[in-house]
Amino acid sequence: MTSNQTDCRYCLQSLRGRKYAVREDNAYCVTCYDNLFANPCEECKQPIECDSKDLAYKGRHWHERCFTCAKCSCSLVEKPFAAKDEVLLCTECYSDEYSSKCFHCQRTIMPGSRKMEFKGSSWHESCFVCQYCQQPLGTKPLITKDNKNYCVSCFEKQFAHHCYSCKKAITSGGVAYHDQPWHKECFVCAGCKTQLAGQRFISKDECPYCVDCFSKLYAKKCASCKKPITALGGAKFISFEERQWHGECFNCARCSVSLVGQGFLTRQDDVFCNECGSA
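Bear in mind that the values here come from a model prediction, so they are computed numbers and not experimental data. (Residues numbered from 1 in each chain as written. Predicted model: local features only at pLDDT ≥ 70, side-chain atom pairs only at ≥ 80, totals over all residues. Heavy atoms only, no water.)

A. Quick look at the overall build of the protein. If you tally the helices and strands in the protein, you get five helices and 22 strands. Relative to the 2.2 N^0.38 estimate, which gives 19 Å for 279 residues, the radius of gyration of the protein is 47 Å and therefore markedly larger than a compact globule would have. Taken along its principal axes, the extent of the C-alpha atoms in the protein is 155 × 40 × 30 Å. Looking at the protein residue by residue over its 279 residues, the buried ones come to 31%. Put simply, of all contacts in the protein between residues at least 6 apart along the chain, 11% involve residues at least 24 apart. For the protein, the accessible area works out to roughly 18,700 Å², and carbon and sulfur atoms hold 46% of it. For the protein, the distance from the average site of its 37 positive side-chain charges to the average site of its 31 negative ones is 7 Å. (Helix = DSSP H or I, 4+ residues; strand = E, 2+ residues; numbered from the N terminus. Rg over C-alpha atoms; globule rule 2.2 N^0.38 Å. Buried < 20%, exposed > 50% of the residue type's maximum accessible area, 1.4 Å probe, protein only. Contact = heavy atoms within 4.5 Å. Areas by Shrake-Rupley, 256 points an atom, 1.4 Å probe, with all protein chains shown as cover. Lys, Arg positive; Asp, Glu negative; His and termini not counted. Charge placed at Lys NZ, Arg CZ, Asp CG, Glu CD.)

Pasting the structure below:
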């Protein structure tokens, strides 16, 4: 330390042959300098003398010997550390206390390392893998079964049903028909190809049909109105000599009285009540 002064700026005692410190071009004996300018140590509350190393962090000061982890007391000098609520911790203690634990291996996910999060849990990137092929899942689509994660390809190979129509895997939803799984979009009318999931349909020769298509293709035609007789919803129909009628259409061709449950006579393609038929 050098100065043009020979006396302490504060106590005015001679500095010849003594240690002193300079501040703003003024010389001070060590005692005066420490009393006037030394920072109090955050840990031991004693002043940090001018011949000691003063370690500062965010406006606070420590002796070198006092700059330690608040939990394990290891020195933090020239080591990485973290602060939590103004308490200094080494990275290991900070991780044990505050860092997330990996859902798979239950080890701490160290600060600065990449962390994967899924359904409220955290994983090391190297632990977040497909249960079957062990390849990293990263941000790829995945499917969870029994708390285990699978890439879509492996899940389909291991667990998925395959559509009876298109033969591709069914990963969600689906329809069961004749004990076979179908995609909803594949379960369609064999005639018009409209989707049948959630709709009324009729099966013939193991093929599903919407009501309209089945009626057009297979239903008997009413001998009177010529419209299909579907017999859906409990509708009544009359059958006689390979001819069929809707219940409401089975009437006398002359007087139009209903013949349901009544005796009747036929003449060519017409049916008559007994009175009209005998006239």
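Next comes the rest of the account.
B. Main features of the UniProt feature "domain: LIM zinc-binding" (unreviewed entry) in the protein. Per the UniProt record, the feature "domain: LIM zinc-binding" (unreviewed entry) sits at residues 39-99, 100-161 and 220-279. For residues 39-99, helix accounts for 13% and strand for 26%, while the C-alpha atoms at its two ends are 33 Å apart. (UniProt positions renumbered as here; feature names shortened; annotations may be inferred.)

C. Representation of the layout of surface pockets within the structure. One number sums up the size of the largest pocket: a volume of about 150 Å³. Around the largest pocket, the lining residues are Phe-103, His-104, Trp-123, Cys-127, Phe-128, Val-129, Cys-130, Gln-131, Gln-134, Asn-147, Lys-148 and Asn-149. (1 Å grid on protein atoms, 1.4 Å probe; cavity = no way out; pocket = protein on both sides within 12 Å on 5 of 7 lines; lining within 4 Å. Points joined across faces, edges and corners; volume = space filled by probe spheres on them.)

D. View of the pattern of salt bridges. This structure, assessed with the given rule, holds four salt bridges. Here Arg-60 and Glu-42 are joined by a salt bridge, their closest N and O atoms 3.7 Å apart. Pair noted here: Arg-60 is in strand E4 (residues 60-63) and Glu-42 is in the loop between helix H1 (30-37) and strand E3 (54-57), with a separation of 18 residues, a long-range link. Here Arg-60 falls in the buried class, since its relative accessible area comes to 16%. The partner of Lys-53 in a salt bridge is Glu-64, and the shortest N-O contact between them spans 4.0 Å. Taken as a pair, Lys-53 in the loop between H1 and E3 and Glu-64 in the loop between E4 and strand E5 (81-84) lie far apart in primary sequence, eleven residues in all. Residue classification places Glu-64 among the partly exposed positions, given a relative accessible area of 36%. (Salt bridge = Lys/Arg side-chain N within 4 Å of Asp/Glu carboxyl O.)

E. Spatial organisation of the environment of Glu-206. Summarising the element assignment, Glu-206 is placed in the loop between strand E15 (201-204) and strand E16 (207-210). Measuring from C-alpha to C-alpha, the distance between Glu-206 and Arg-267 comes to 40 Å, with 61 residues separating the pair along the chain. Residues within four places of Glu-206 in sequence aside, it is in contact with Tyr-177 and His-178.

F. Spotlight on the nonpolar core. Counting 15 residues, the largest nonpolar core has Cys-102, Trp-123, Phe-128, Cys-130, Leu-137, Cys-151 and Phe-155 as its most contacted members. Breaking this core down by element, the ones donating at least two residues are strand E10 (148-151) and helix H3 (152-158). Leave out the neighbours within four places in its chain, and Cys-130 touches Gln-135, Leu-137, Asn-149, Tyr-150, Cys-151 and Cys-154. With 14 residues, the next largest nonpolar core counts Trp-182, Leu-196, Cys-210 and Cys-213 among its residues. (Core = buried A, V, L, I, M, F, W, Y, C linked by side-chain atoms within 4.5 Å.)

G. Structural context of the domain arrangement of the protein. Splitting the protein by domain gives domain 1 (165-218) and domain 2 (221-278). A C-alpha centroid distance of 34 Å is found between domain 1 and domain 2. (Domains from an automatic or database assignment.)

H. Structural context of the packing of aromatic side chains. Scanning all chains against the criterion turns up 20 aromatic pairs. Judged by centre distance (5.7 Å) and plane angle (75 degrees), the rings of Tyr-177 and Phe-201 are edge-to-face. Taken together, the positions of Tyr-177 in strand E13 (residues 175-177) and Phe-201 in strand E15 put the pair 24 residues apart, joining distant regions of the chain. Among the residues examined, Tyr-177 registers a relative accessible area of 6% and is labelled buried. Phe-201 sits in the partly exposed class, given a relative accessible area of 34%. Aromatic pair Phe-187 and Phe-201: ring centres 5.3 Å apart, planes at 85 degrees, arrangement edge-to-face. Taken as a pair, Phe-187 in the loop between strand E14 (180-182) and E15 and Phe-201 in strand E15 lie far apart in primary sequence, 14 residues in all. Among the aromatic residues, those joined into a ring-pair cluster are Tyr-164, Tyr-177, Trp-182, Phe-187 and Phe-201. The ring of Tyr-164 carries the charged tip of Lys-167 above its face, separated from the ring centre by 4.9 Å. (Phe/Tyr/Trp six-rings, centres within 6.5 Å; stacked < 30°, edge-to-face > 60°. Lys NZ or Arg CZ within 6 Å of the ring centre and 35° of its normal.)

I. Region of interest: the environment of Gln-131. Residue placement: Gln-131 occurs in the loop between strand E8 (121-124) and strand E9 (142-145). Look at Gln-131 and you get partly exposed, because its relative accessible area is 37%. Along the primary structure Gln-131 and Tyr-150 are separated by 19 residues, whereas in three dimensions their C-alpha atoms are 5.5 Å apart. Setting aside residues no more than four positions away along its own chain, Gln-131 makes contact with Lys-148, Asn-149 and Tyr-150.

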